[in-house]
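Fold and contact review
For reference, the chains in residue letters:
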Amino acid sequence: MSSFFKEAVAGSSSYMRLPQNMQFPSTAGLQSKTSNLHAKNPKALVIFLIVVFLIFWRNIISDVCSHFIQRAPTEIVDANPIRNRTLGFQKVFALSLPDREDRRAPLVAAGNATNISITVLDAVRDRQIPQSDWPKWWGTNGWVPKEGELGCLMSHVRTWRKMIHENITSALIMESDVDFDMRIKESMVGLGEGVKQIVDWPFDPPTDPKHPRNFGKEVQTVSPYGDKWDLVWMGHCGSSADGNGRIYSYNDTSAPDEEHAWSFAERPGEGHRPPGTRIVFQMRKTVCTTAYMMSNQGARKFEKIFREANSPIDLKIWSECEHDPTLACLGVWPQIISMAESKTNIKHTEGGQAFGHEVTETKVVAGNGIQISARVNAKAGTAKLGPDHWKAEWTNGIKANEILQEHDASKDEKDKDQQKKEQETKEQKDKDQKSKDQSKDQQSKV
């Protein structure tokens, strides 16, 4: 045995001790074979030596090359798809009448401010819908629809049909007057966990043959929100958690306290929600289709149900979710997406019932119950400056309209200063020119 091999065996505890009588091939025989190989085929010997060199020195070569090869930096990707540009859905839709730019512009700006990709779909008015496309029982049983309610309903139904036709697995559907917090993605991560915790119970597979679970081909998916829900109502004007279902709460720094949480209808009792949290529950008595999550199977179910609708869209969804055992409908409180005051296209009896007064102005204001408004911060230019510069609605006592007023007042003051400077400059030029003219007149007289 060579001295090098003996030292390697003796100096390393990781090697197995070898028997003393083990026989090794004679190096003389190897040298003889190598000499014969060289004599017969010199090229083969060269190739053999190169292979041996590469086997024993590949690590050294790799280390040397790594110093000369510049590797591209590894891209850091968030593992949770809910934080992506569509909040973990296949699509984020917003329904907006084409002529309501006063609603579209703040909505798109809010999406850009929070890095959310919003697909705006044209909503329709009552007069654009042929009677053949009306729900079967629309305006019957003594109920008289208000102007705008049919257009609102059919705008949503057409979105569900789009999901079915294009096999869109899930979507967030919003109306055009919505607002949300700058930290909405963190709120949605908590909601995703809550939906998965609730949706497996008590929504067992239905056994009632009158309510089959499938209305057609369902799209199978693995959603970050789970796959057994039909609708999650996350933007509304009020919802109730009363009943025997589970309630899941999760921490959310953007959740308003009860003083700042907003609704004009039902809301869960104070004992349902610990401070600083939102709750997910089996919804009841929910109104206003401000925003909701819709799965593909949910779109198929509701599209079929609404072929015979005879009430406004929110009341019909509320009724079906409470009474149809095959529907898995959840609610969120406080709502993650809220409506901001703006002119409505639905002729309410008293005008703007959601706010207790008729809204006639088109200024950009924060959504009700939204702490750090994406709309307001996008408008004020603070969204892009980072969290330290975001404007809050109540933590620092500054209201959204006051922020905008201060911003507008500052701009007006700068404009006035600029106009004053320009006027003074003009007056000075006129004065200088007048002085020059007088001087020329005097010289000409002389």
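Since this is a predicted model, take the numbers as computed values, not measurements.

Focus: the overall build of the protein
- When you go through the protein residue by residue, the secondary structure sums to ten helices and twelve strands.
- For the protein, with 446 residues in total, the buried portion stands at 41%.
- A sequence separation of at least 24 residues applies to 79% of the contacts in the protein between residues at least 6 apart.
- Per element, the accessible surface of the protein, about 26400 Å² overall, is 51% carbon and sulfur.

Here we look at the packing of aromatic side chains
- One pass over the structure, following the stated rule, counts four aromatic pairs.
- Ring geometry for Phe89 against Tyr225: centres 4.8 Å apart, planes inclined by 10°, an arrangement best described as stacked. With Phe89 in the loop between helix H3 (42-66) and strand E1 (91-96) and Tyr225 in the loop between helix H6 (184-199) and strand E5 (231-235), this pair connects stretches of sequence that are 136 residues apart. Comparing Phe89 with Tyr225, the two get one shared label, buried.

Here's the deal with the state of the cysteines
- This structure, assessed with the given rule, holds two disulfides.
- Between Cys237 and Cys288 runs a disulfide, and the two sulfur atoms are separated by 2.1 Å. Because the sign of the S-S torsion sets the handedness, a value of about -100° for the bond joining Cys237 and Cys288 places this disulfide among the left-handed ones. Here the residue Cys237 occupies a position in the loop between E5 and strand E6 (238-240), and Cys288 occupies one in the loop between strand E9 (284-287) and strand E10 (291-295), the gap between them amounting to 51 residues. Accessibility assignment for this pair places Cys237 and Cys288 in one class, buried.

Description of the nonpolar core
- Core analysis: the largest hydrophobic core is formed by 38 residues, its most contacted members being Met174, Met188, Leu191, Met293 and Ile337.
- Mapped by element, the contributors of at least two residues to this core are E1, helix H4 (101-113), strand E3 (170-175), strand E4 (178-180), H6, E5, E10 and strand E11 (329-333).
- The element contributing the most residues to this core is H6, with seven residues.
- With 37 residues, the next largest nonpolar core counts Trp160, Met163, Tyr292 and Ala309 among its residues.

Remarks on the pattern of salt bridges
- Under the counting rule described, the total for this entry stands at 18 salt bridges.
- The residue Asp102 makes a salt bridge to Arg100 at a minimum N-O spacing of 2.8 Å.
- Since its relative accessible area comes to 26%, Asp102 is described here as partly exposed.
- Residue Arg100 is classed as buried on the basis of its relative accessible area, which comes to 9%.
- The shortest N-O distance in the salt bridge between Lys316 and Glu320 comes to 3.1 Å. Taken together, the residues Lys316 and Glu320, both in helix H8 (residues 313-323) and four residues apart, mark about one turn of the helix.

Overview of helix H7 (residues 296-305)
- Among the ten residues in H7, nine count as buried, and that is most of the element.
- Next to the buried residues of H7 lie helix H5 (149-165), E5, E10, H8 and E11.

Description of the sheet that holds strand E2 (residues 119-122)
- What the eight strands build is an open sheet, ordered E2-E1-E3-E10-E5-E11-E8-E7; its pairing is mixed. A strand with exactly one partner marks an edge of an open sheet, and here the two such strands are E2 and strand E7 (247-251). Going from strand to strand, the sheet's axes swing by 25° on average, the running direction of each strand aside.
- Against the sheet, H5 contacts E1, E2, E3 and E10, and its axis sits at roughly 160° relative to E3.

Some points on the side chain of Glu149
- Within the secondary structure, Glu149 is located in helix H5.
- Despite being buried, Glu149 has no salt bridge partner; Lys146 is the closest side chain of opposite charge, sitting 4.4 Å away.

A look at the environment of Trp138
- Along the polypeptide, Trp138 turns up in the loop between E2 and H5.
- With a relative accessible area of 10%, Trp138 lands in the buried category.
- Taking the C-alpha atoms as reference points, Trp138 and Phe306, separated by 168 residues in sequence, lie 9.9 Å from one another.
- Each residue touching Trp138, except ones within four places of it in the same chain, is listed here: Trp143, Pro145, Glu149, Leu150, Leu153, Ala309 and Ser311.

Here we look at unusual backbone geometry
- That bond from Trp333 to Pro334 is cis: its omega, -10°, falls within 30 degrees of zero.
- Of note in this structure, Leu87 is not a glycine but carries a positive phi near 60°.
- Considering the arrangement of structural elements, one finds Leu87 in the loop between H3 and E1.
- In this structure, Cys288 is a non-glycine residue whose phi angle is positive, near 75°.
- With a relative accessible area of 13%, Cys288 lands in the buried category.

Section: the confidence of the model for the protein
- Mean pLDDT for the protein: 79, with 70% of residues reaching 70 or above.
- Taken as a whole, residues 1-19 scores under 50 in pLDDT and shows seven contacts with residues more than four places along the chain or in a different chain.
- Predicted confidence is poor over residues 68-76, with pLDDT under 50, and the contacts of this stretch with residues over four places away or in other chains come to one contact.

Observations concerning the pairing of E5
- Among the five residues that make up E5, five are buried, leaving the element largely enclosed by the rest of the structure.
- Of the pairings in the sheet, the one linking E5 to E11 comprises three bridges and is parallel in character. Across the sheet, Trp233 pairs through a bridge with Gly331, a residue of E11.

Structural notes on the side chain of Asp314
- Looking at the secondary structure, you find Asp314 in helix H8.
- It is Lys146 that comes nearest to the buried, bridge-free Asp314 among opposite-charge side chains, at 9.6 Å.
- Filtering out sequence-adjacent residues up to four positions away, Asp314 remains in contact with Trp233, Thr286, Val287, Cys288 and Thr289.

As for the packing of H5 against H7
- In the contact formed by H5 and H7, the axes pass within 9 Å of each other and the chain directions differ by 130°. In terms of their interaxial angle, H5 and H7 are classed as oblique. As for how H5 packs across H7, the hand of that crossing is left-handed. Side by side, H5 and H7 meet where Trp160, Arg161, Met163 and Ile164 of the first sit next to Asn296, Ala299, Arg300, Phe302 and Glu303 of the second.
- Looking at the contact of H5 with H7 residue by residue, the classes come out as five nonpolar, one polar and three charged.

Reading guide: rules and limits
- Residues numbered from 1 in each chain as written.
- Predicted model: local features only at pLDDT ≥ 70, side-chain atom pairs only at ≥ 80, totals over all residues.
- Heavy atoms only, no water.
- Helix = DSSP H or I, 4+ residues; strand = E, 2+ residues; numbered from the N terminus.
- Buried < 20%, exposed > 50% of the residue type's maximum accessible area, 1.4 Å probe, protein only.
- Contact = heavy atoms within 4.5 Å.
- Areas by Shrake-Rupley, 256 points an atom, 1.4 Å probe, with all protein chains shown as cover.
- Phe/Tyr/Trp six-rings, centres within 6.5 Å; stacked < 30°, edge-to-face > 60°.
- Disulfide = S-S within 2.5 Å.
- Core = buried A, V, L, I, M, F, W, Y, C linked by side-chain atoms within 4.5 Å.
- Salt bridge = Lys/Arg side-chain N within 4 Å of Asp/Glu carboxyl O.
- Pairing = 2+ DSSP bridges.
- Axes fitted to C-alpha atoms, helices over the stretch in contact; angles between N-to-C directions.
- Lys, Arg positive; Asp, Glu negative; His and termini not counted.
- pLDDT = per-residue confidence, 0-100.
- Parallel < 35°, antiparallel > 145°, perpendicular 65-115°, else oblique.
- Left-handed = near helix turned anticlockwise from the far one by under 90°.
- Nonpolar A, V, L, I, M, F, W, Y, C, P; charged D, E, K, R; others polar.

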